[in-house]
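A closer look at the structure
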Amino acid sequence: MPKKSQSKSKGNAPAQNSIGSRILEALTEDEISQLLDELFIVLSDEQQVTAFAQLQADTQETLIQILTPPQTVEQAKTSKVQPTSLAKLAQTWSELWREWNQIIWQASQEEGKYIVQEVRWEEPYFDDYTFVEDLETVAQKMKPLVKTAFENGFSHDDGFANSLLSAESEIADGIPDWMEIANGIHLEEATTSCLLEWEWLLVQSQGQDGFTFAQKIREWSEEFTDTSLNDDAVIDFFSNLPDVQKQIILDGMTANRESEEWKSELENTYSYWHIIYMELMQQFATPEIYLNNLRATISQEWQNGLPVIEDMLGKQEYRESLIVIQETLDALLKNKQDKNPWTPENSLLFVTLGGFSYEPGNGEKQKTLLRYYQQAVRELGEIERVNALSIQQITFECCYDWSSMFKAFAEIPVSKNTQQALFTSWRESIIKRVTPYRYSGLYTKAKPVDTWWLHWLLDSITTKEKGHTWFRQQIIEWLENLPGEQTQLGEEYSALHLLTKDLTEIKYQGKCPYPKFYEVVILPNQLSTRDDISRRKYLEEYAPPDLWEKVMAYWQANLHNFIPKPDSSQSSDYTKNAQWMSALKELAPQNYDNLLSQWKVQHKRRPNLWKAMRELGLM
């Protein structure tokens, strides 16, 4: 148990009417600091020794450390840490507990700091986030003091766990009956660490072991109604316990893994107890036991299949490894497979998974799984699948690099059916990802379109019978027959939108000679995709040389039909209408004049419309 507190020992506080107490009352901290500096200048060494002898031993030692200059490099490094007496630490610890308890008191008040009402017509709620943040701020200051406080018996309100348990009750009793702690009290790292260290010190002082400690934390977790510990902090704390204690914890968990208390936690891959258990097993158990336990969790955490597969491949158990590979794939593709289960020959895994952002290391585990799969089937002589898996791996690296993908489909020998299936999977994914967002309000009837110029571009690249000539015929014919009315254009608007953006980037590197049209109508910042460079490279090669001019001629002839109608604007905000009119004036001045004349008659009673027009210099 902790020693009795030294906070009231002799010499720890000046008598009420002593000179020291009167000075504390009369002077500021800066003034007292200056006074002490001057006194130590005039006091001889003998006088200092005499004065120090009247103080308690810990106070003397602290003062000596402060006054003695470091003699070695190591001492110089140590001296950067300010020596502090136990009495001062006890005082600091007590002040921090007062802050902690004040936060909990505030949280239990019906009109306290943590009852928030953002707007008057909404119900107030308990701000659990700020409450937890405030506790964490205090806990960060307490964390370095926990061991010293426990060992020297500083005041502790029965520890952090008891305090938090009482806090739940006080908050529930204090806030209105209809109000709940909706999101829970999810403790952060320092608060969790303080609780764990205090409980561990208490367990040790009672002569108990690491598994008793784990059970105690498990029991606390069950006792809490709204409070939860920080997962990472719990895992880190147990990972840093002595190896002897970790072995005891592993043995205790293994012996009790079927008990009601531990079974659900040790089998749940999202529980920090499961993570701790597996880490301890990896460190202390035989590889066979560890891997068997890991395999049992593949359905919950697909990545757990990778070490199992790697071990089997190392043992040349290729046929058996395919069973685990399938288990791992099933877990990875959970809720992502349709009626036809995924195989390396029927669709691209990268596409089936929905693709990945290009953060460093993203997709590495999926690529590792494919590599293991390829190793197993290569050893079993399944060449078609080996080659299909090569294309699968290239897709993870180069999905948005058209040249690399075309090369893979052309050069890696697979059957015609496999090649067609994988190419179709890639082609559909590219088209889906690059299809621009359908902007609402630009047309009232979204006439669907099954094929458009991106389909033709990809097909002309990969089909010898088509090529440049076929693509040019298709796109010119499409453009010439494109409706000029927004109600008739439908989804083809998106295809035209992207084509205009791409051709402008190719011809002018985005510096369009019609900047207002480009920014207002084309909205270039909303049309960026991962394969922009590849798509434009092939479009530049396959498109007719004058395609940009033909596209712009379409816009010049028809843009006035796309201008948002003032009578469809909401809240009398006509900013968008005016912006589109400025684009029309820039691109087709005559059509602008004609439309403006119509508006002056039809919308003469819309002052906010004309104000918006004047602000853009259109009147």
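What you are looking at is a predicted structure, and each value in this text was computed from that prediction instead of being measured.

What about the overall build of the chain?
- Each helix and strand in the chain was counted, giving 33 helices and four strands.
- Evaluated residue by residue, the chain yields a buried proportion of 44% over its 619 residues.
- Expressed as a percentage of contacts within the chain between residues at least 6 apart in sequence, the contacts between residues at least 24 apart total 69%.
- For the chain, the accessible surface area stands at approximately 33900 Å², while carbon and sulfur atoms represent 48% of it.

Section: a negative patch on the surface
- On the surface, Asp231, Asp232, Asp236 and Glu279 cluster together to form a negatively charged patch.
- With three residues, helix 12 (residues 231-239) is the largest single contributor of residues to the negative patch.
- Secondary-structure assignment places Asp231 in helix 12.
- Residue Asp231 is classed as partly exposed on the basis of its relative accessible area of 36%.

What about the confidence of the model for the chain?
- On average, the chain scores 88 in pLDDT, and the residues at 70 or more come to 87%.
- Summarising per-element confidence for the chain, the mean pLDDT is lowest in helix 5 (residues 73-79) (53) and highest in helix 17 (residues 305-314) (98).
- Scored below 50 in pLDDT, residues 3-12 makes 19 contacts in the model with residues more than four places away or belonging to other chains.
- Confidence drops under pLDDT 50 across residues 439-445; counting only partners more than four residues distant or on other chains, this segment forms 17 contacts.

Focus on the packing of aromatic side chains
- If you walk through the whole model with that rule in mind, you get 38 aromatic pairs.
- On the numbers, 5.2 Å between centres and 50° between planes, the contact of Trp200 with Phe213 is tilted. Taken as a pair, Trp200 in helix 10 (residues 189-205) and Phe213 in helix 11 (residues 210-223) lie far apart in primary sequence, 13 residues in all.
- Given the relative accessible area of 0%, Phe213 is considered buried.
- Ring pairs connect the aromatic residues Trp200, Phe211, Phe213, Phe237, Phe238, Trp262, Tyr272 and Trp273, which therefore count as one cluster.
- Here the basic side chain of Lys466 rests over the ring of Trp470, its NZ or CZ set 4.4 Å away from the ring centre.

A word on the pattern of salt bridges
- Under the defined criterion, the tally for this structure stands at 23 salt bridges.
- Across the salt bridge formed by Lys315 and Asp311, the nearest N and O atoms sit 3.1 Å from each other.
- Relative accessible area serves as the criterion here: at 26%, Asp311 is assigned to the partly exposed category.
- When the shortest N-O distance is used, the salt bridge between Asp459 and Arg427 registers 3.0 Å. Of this pair, Asp459 sits in helix 24 (residues 453-462) while Arg427 sits in helix 23 (residues 416-434), and the two are 32 residues apart along the sequence. Arg427 matches Asp459 in its accessibility class, with the two residues each being buried.
- Connected through shared salt-bridge partners, Asp502, Asp531, Asp532, Arg535 and Arg536 make up one network.

Things to note about the nonpolar core
- By size, the foremost hydrophobic cluster in this structure holds 172 residues, and its most contacted members are Phe131, Trp426, Trp453 and Trp555.
- If sequence neighbours within four positions are ignored, Trp453 has contacts with Phe471, Ile475, Trp478, Ala495, Leu498, Leu499, Asp502, Arg535 and Leu539.

Describing helix 27 (residues 492-508)
- Across its 17 residues, helix 27 extends 24 Å between first and last C-alpha, which sits within 8% of the 24 Å expected from 1.5 Å per residue.
- Of all 17 residues making up helix 27, 13 are buried, and the element is well covered by its neighbours.
- Phi for Gln509, located one or two positions after helix 27, is positive at around 50°.

Topic: helix 30 (residues 547-558)
- Taking 1.5 Å of rise per residue, 12 residues should cover 16 Å, and helix 30 covers 17 Å from first to last C-alpha, within 8% of that figure.
- Buried within helix 30 we find Leu547, Trp548, Val551, Met552, Tyr554, Trp555 and Asn558. Along helix 30, the residues classed as buried sweep out an arc of 150° about the axis, all on the same side.
- Where helix 30 is buried, its residues contact helix 25 (467-480), helix 26 (486-489), helix 27, helix 28 (515-522) and helix 31 (575-587).

Brief notes about unusual backbone geometry
- The backbone phi angle of Gln316 is positive, close to 60°, even though this residue is not glycine.
- Among the secondary structure elements, Gln316 is positioned in the loop between helix 17 and helix 18 (318-332).
- Residue classification places Gln316 among the exposed positions, given a relative accessible area of 58%.
- Positive phi, close to 50°, is recorded for Leu523, a residue that is not glycine.
- Mapped onto the secondary structure, Leu523 falls in the loop between helix 28 and helix 29 (532-542).

Regarding the side chain of Ser534
- Within the secondary structure, Ser534 is located in helix 29.
- The class of Ser534 is buried, set by a relative accessible area of 10%.
- When neighbours within four sequence positions are excluded, Ser534 is seen to be in contact with Tyr400, Asp401 and Trp402.

Section: the side chain of Glu199
- For Glu199, the location among the structural elements is in helix 10.
- Excluding anything up to four places from it in sequence, Glu199 contacts Ala161, Phe213, Lys216, Ile217 and Trp220.

Regarding the packing of helix 15 (residues 272-284) against helix 16 (residues 287-295)
- Interhelical geometry of helix 15 versus helix 16 gives an angle of 155° and a closest axis separation of 8 Å. Relative to helix 16, the element helix 15 is oriented roughly antiparallel. Between helix 15 and helix 16 lies a crossing of left-handed hand. Taken together, the residues of helix 16 that come into contact with helix 15 (itself represented by Tyr277, Met278, Met281 and Gln282) are Ile289, Tyr290, Asn293 and Leu294.
- Looking at the contact of helix 15 with helix 16, its residues break down into six nonpolar, two polar and no charged.

Points about a nonpolar patch on the surface
- Taken together, the side chains of Leu36, Leu39, Val42 and Leu43 define a hydrophobic patch exposed on the protein surface, amounting to about 330 Å² of accessible area.
- With respect to the helices and strands, the residue Val42 is situated in helix 2 (residues 29-42).
- Owing to a relative accessible area of 62%, Val42 belongs among the exposed residues under this scheme.

Calculation rules
- Residues numbered from 1 in each chain as written.
- Predicted model: local features only at pLDDT ≥ 70, side-chain atom pairs only at ≥ 80, totals over all residues.
- Heavy atoms only, no water.
- Helix = DSSP H or I, 4+ residues; strand = E, 2+ residues; numbered from the N terminus.
- Buried < 20%, exposed > 50% of the residue type's maximum accessible area, 1.4 Å probe, protein only.
- Contact = heavy atoms within 4.5 Å.
- Areas by Shrake-Rupley, 256 points an atom, 1.4 Å probe, with all protein chains shown as cover.
- Patch = residues over 30% accessible without salt bridge, like charges linked within 9 Å, V, L, I, M, F, W, Y side chains within 5 Å.
- Salt bridge = Lys/Arg side-chain N within 4 Å of Asp/Glu carboxyl O.
- Lys, Arg positive; Asp, Glu negative; His and termini not counted.
- Charge placed at Lys NZ, Arg CZ, Asp CG, Glu CD.
- pLDDT = per-residue confidence, 0-100.
- Phe/Tyr/Trp six-rings, centres within 6.5 Å; stacked < 30°, edge-to-face > 60°.
- Lys NZ or Arg CZ within 6 Å of the ring centre and 35° of its normal.
- Core = buried A, V, L, I, M, F, W, Y, C linked by side-chain atoms within 4.5 Å.
- Expected span 1.5 Å × (residues − 1).
- Arc of directions from axis to C-beta.
- Axes fitted to C-alpha atoms, helices over the stretch in contact; angles between N-to-C directions.
- Parallel < 35°, antiparallel > 145°, perpendicular 65-115°, else oblique.
- Left-handed = near helix turned anticlockwise from the far one by under 90°.
- Nonpolar A, V, L, I, M, F, W, Y, C, P; charged D, E, K, R; others polar.

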